[in-house]
Amino acid sequence: MRGLANDIKTRMRAISINVSGAASVSGMVKPNDHVDVLGTFSFPSKTVQGEMELVTLTILQDVLVLATGRETAKTQLLTDARSQSSYNMVTLEVTPREAEMLVFAEQIKGRISLALRN
């Protein structure tokens, strides 16, 4: 069986991000789904000195999910569709610049959430 690298489009990258159950739409995000990536960050308040405020921003839109945990679209076909696998990592197909943005968002302790698209 070939690795995930063969599934990545030319000039794109695969990057894995940590997600909790709620951040991954209760674990219902699956390989080949498309998601928006949102980040919640803590910034110094503009109105109250010394206070912090939370801001949520859409970081990326319409991103292809390559894998959830170790399950890819190919391995999903080989396993029982009824088996419910849990995961805390999602691998996304992004441009190199988008990969930088996601790494930066995680490094500044942002909370990453996924919004499932139809």
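Small disclaimer: the values here were computed from a predicted structure and weren't measured.

Asker: Explain the confidence of the model for the chain to me, using residue names and the numbers behind them.
Answerer: Chain-level statistics for the chain give a pLDDT mean of 88 and a share of 91% at 70 or above. Mean pLDDT per element in the chain: helix α1 (residues 73-78) is the minimum at 75, and strand β5 (residues 89-94) is the maximum at 96.

Asker: A description of unusual backbone geometry should follow, citing residues and the corresponding values.
Answerer: Positive phi, normally seen in glycine, also occurs at R11, with a value near 70 degrees. A positive phi angle, near 80 degrees, is found at N32, a position not held by glycine. With respect to the element layout, N32 can be found in the loop between β1 (13-18) and β2 (34-44). Judged by relative accessible area, N32 falls into the partly exposed class, the value being 48%.

Asker: An account of the environment of M101 is requested, with residue identities and associated values reported.
Answerer: Its place among the elements puts M101 in helix α2 (residues 96-107). Taking the relative accessible area as the measure of exposure, M101 reaches 30% and is therefore partly exposed. In the structure, M101 is positioned 42 residues away from I59 in sequence and 7.7 Å away in space, judged by C-alpha atoms. Excluding residues that lie within four positions of it along the chain, M101 makes contacts with I59 and L60.

Asker: An account of the nonpolar core is requested, with residue identities and associated values reported.
Answerer: Formed by 21 residues in total, the largest nonpolar core has its most connected members in V37, L92, V94, L102 and L114. Looking at this core, the elements that each hand over two or more residues are β1, β2, β3 (52-68), β5, α2 and β6 (111-116). A per-element tally of this core places β3 first, with four residues. When residues no more than four places from it in sequence are discounted, the contact partners of L102 are I15, I17, V37, L60, L92 and V94.

Parameters at a glance
- Residue numbers restart at each chain and count upward from 1, following the sequence in its written direction.
- Local features are withheld for residues below a pLDDT of 70 in this predicted model, meaning they are given only at 70 or higher, and side-chain atom pairs are given and counted only at 80 or more; totals for whole chains, interfaces and linings count all residues.
- As a rule here, side-chain values cover all heavy atoms of the structure and leave hydrogens and water aside.
- For every residue, the predictor reports its confidence as pLDDT, a number between 0 and 100.
- A run of H or I in DSSP counts as a helix once it spans at least four residues, and a run of E counts as a strand once it spans at least two, with each numbered from the N terminus.
- Buried residues are those whose accessible area, probed at 1.4 Å on protein chains only, stays under 20% of the maximum for their type, while exposed residues exceed 50% and partly exposed ones sit between those limits.
- Any two residues whose heavy atoms approach within 4.5 Å at even a single point are treated as in contact.
- To define a nonpolar core, start from buried Ala, Val, Leu, Ile, Met, Phe, Trp, Tyr and Cys residues and group those joined through side-chain atoms within 4.5 Å.

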